[in-house]
Every structure is written in structure tokens, then in C-alpha cells.
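Descriptive analysis of the structure
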Amino acid sequence: MEFFEVFKRRRSIRRFQDKKVPEEYVKKILEAAFYSPSSRNRRPWHFIVVDDGDLIKKLAQTRPALRFLETAPLAIVVCGDENISSAWVFDASIAAEHIQLAATALGLGACWGHVLDRMHSEEKSAEEYIRELLGIPRHIRILCVIGIGYPAEEKPSHSEKEIMPDRVHYNRFGNLWKIE
Ligand SMILES: Cc1cc2nc3c(=O)[nH]c(=O)nc-3n(C[C@H](O)[C@H](O)[C@H](O)COP(=O)(O)O)c2cc1C
């Protein structure tokens with residue numbers, strides 16, 4: 001897929017076909033994640049590839065916003081080691097986007113399920129819930145879970161109508177840049 005087409009085609013896909021993601025695709029997606037930039041090149045990422053159906057169902061119970069994982073054949077838990085970098089959130093966010101773009105380029109659908117600073121229940125954070133479920137040590141922080149699979153829903157591509165001309169400033173804030 002042409003590079004700029006990937007940006008347009010990437011949509012949050014939350015329903016997936018009952019079809020495994022080929023291992024070579026998983027490798028390509030992870031490769032894309034490891035090509036991400038990171039603050040001071042510290043590369044604090046950890047990725048947990050989950051294709052066990054029972055575990056994915058449990059990940060879907062993290063919080064209502066992650067229910068969409070129920071039909072996903074693959075989930076990648078995107079983490080960062082806070083002992084390696086205080087900028088782990090930014091680094092993990094960029095990697096999460098690389099993962100979604102790579103999935104799109106391979107004809108797959110993906111969606112970000114947010115974990116950090118969200119709650120599983122009144123007593124337990126979403127992070128703690130997943131930490132216990134997958135045996136993740138304390139210093140490895142959990143940003144999100146990306147659900148990936150062959151799309152079972154169709155969404156229109158992004159379009160130029162979404163460009164916000166009043167948000168682009170030229171030399172000085174408030175002096176709008178003319179997007180043709
Ligand atoms: C930081 C972040 C957190 C998000 N969290 C969730 C989430 O928990 N559950 C979900 O279904 N979608 C989540 N999304 C996906 C957004 O809802 C989606 O990107 C947005 O509605 C725009 O739609 P699009 O991705 O199709 O362009 C998240 C996206 C980002 C960037």
C-alpha cells in the first residue's frame with residue numbers, strides 16, 4: 001500500500017473475522033514497532049504478543065473500552081520500562097501507532113485499547129489487572145493493548161475534510177497558514 005494511503009486507510013477497527021493473523025505479519029508488525037524513534041534512543045519498549053483466546057477474552061474485561069478485543073485473534077500489549085526512560089509513555093505511544101499503521105499496510109484492522117491511568121474496578125487499576133493477568137513486573141508500565149485482526153467491519157478512509165485549517169498557524173499563533 002502506498003505510504004500516504006496507509007494514513008488515510010487506518011481506522012479503529014473493533015470487530016474482527018475469526019481468522020488467525022499469519023506469523024510473518026506479526027513479525028512485520030513488531031519490526032515496525034522496533035523502528036520507532038525513542039527519547040535519547042533509550043528504546044524502553046516491551047511488547048506482549050497474545051494469541052491465546054482465553055487470555056484475549058480476559059484482556060477484553062480490563063475495562064468497557066477494551067471489550068472490542070473479544071473478537072480479536074491477536075492482541076499486543078504495549079509497555080515501557082520506566083527504569084530505562086522517564087519518557088516511556090511517549091516512546092510506547094509512537095510504537096503503538098507504528099503497530100497500527102503496519103497492521104493497516106498489511107490489510108489488517110487494529111484499535112488502541114487504553115490502559116494507563118484507567119480503572120478496571122473501584123479498587124483496581126486497569127494496569128494492575130493486566131499486570132496480574134500476564135505476570136508483568138512492576139517497573140514495566142502498560143500503556144495500551146492493540147487489538148489486531150482481519151476486519152469484520154468496513155469504515156471509510158480518512159478524507160481531507162478532516163484537516164482543520166484553523167489549527168495551523170504560520171510564523172505566529174493566530175496567523176493562519178493557508179492550506180489549499
Ligand atoms: C490515546 C488513545 C486512546 C484510545 N483508547 C481507546 C479505547 O480505550 N478503546 C477504543 O475502542 N478506542 C480507543 N482509541 C481509538 C479512538 O477512539 C480512535 O482513534 C478515534 O475515535 C478516531 O477514530 P479512527 O482511529 O478510526 O481514526 C484510542 C485512541 C488513542 C489515540
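Above: the structure in question.
The residue numbering used here restarts from 1 in each chain and proceeds along that chain's sequence as written. Per-residue local features of the predicted model are confined to residues with pLDDT of at least 70, and side-chain atom pairs are confined, for both listing and counting, to 80 or more; whole-chain, interface and lining totals are unaffected and use all residues. The basis for the side-chain values is all heavy atoms of the structure; hydrogens and waters are excluded.

Describing the nonpolar core
What makes a nonpolar core is a set of buried Ala, Val, Leu, Ile, Met, Phe, Trp, Tyr and Cys residues whose side-chain atoms join them at distances within 4.5 Å. Burial here depends on accessible area, computed with a 1.4 Å probe over protein chains only, as a share of the maximum for the residue type. Under 20% is buried, over 50% is exposed, and the range in between is partly exposed. Counting 27 residues, the largest nonpolar core has Ile29, Phe47, Val78, Ile99 and Ile148 as the members making the most contacts within it. Secondary-structure elements contributing two or more residues to this core are helix H2 (23–34), strand S1 (45–50), strand S2 (74–81), helix H4 (88–105) and strand S4 (140–149). For this core, the leading source of residues is H4, giving 7 residues. In this structure phenylalanine 47 touches Leu30, Ala33, Phe34, Ile76, Val77, Val78, Ala95 and Ile99, once residues within four positions along its chain are discounted. Listed in part, the 22 residues of the second largest apolar core include Phe16, Leu59, Ala72 and Ile136. By the criteria applied, helices consist of DSSP H or I runs no shorter than four residues and strands consist of E runs no shorter than two, each listed in order from the N terminus. Throughout, a contact is declared for two residues whenever any of their heavy atoms are within 4.5 Å.

Here we look at the pattern of salt bridges
The working definition used for a salt bridge is a side-chain nitrogen of Lys or Arg within 4 Å of a carboxyl oxygen of Asp or Glu. This model, assessed by the stated rule, comprises 8 salt bridges. Residue arginine 141 pairs with glutamate 127 through a salt bridge whose shortest N-O separation is 2.8 Å. One end of the pair, arginine 141, is in strand S4; the other, glutamate 127, is in helix H5 (residues 126–134), with 14 residues separating them in the sequence. Here glutamate 127 falls in the buried class, since its relative accessible area comes to 7%. The closest approach of N and O atoms between glutamate 128 and arginine 138, which form a salt bridge, is 3.0 Å. Separated by 10 residues along the polypeptide, glutamate 128 in helix H5 and arginine 138 in the loop between H5 and S4 bring together distant segments of the chain. Here the residues in one salt-bridge network are Glu82, Glu127, Glu128, Arg131, Arg138 and Arg141, joined through shared partners.

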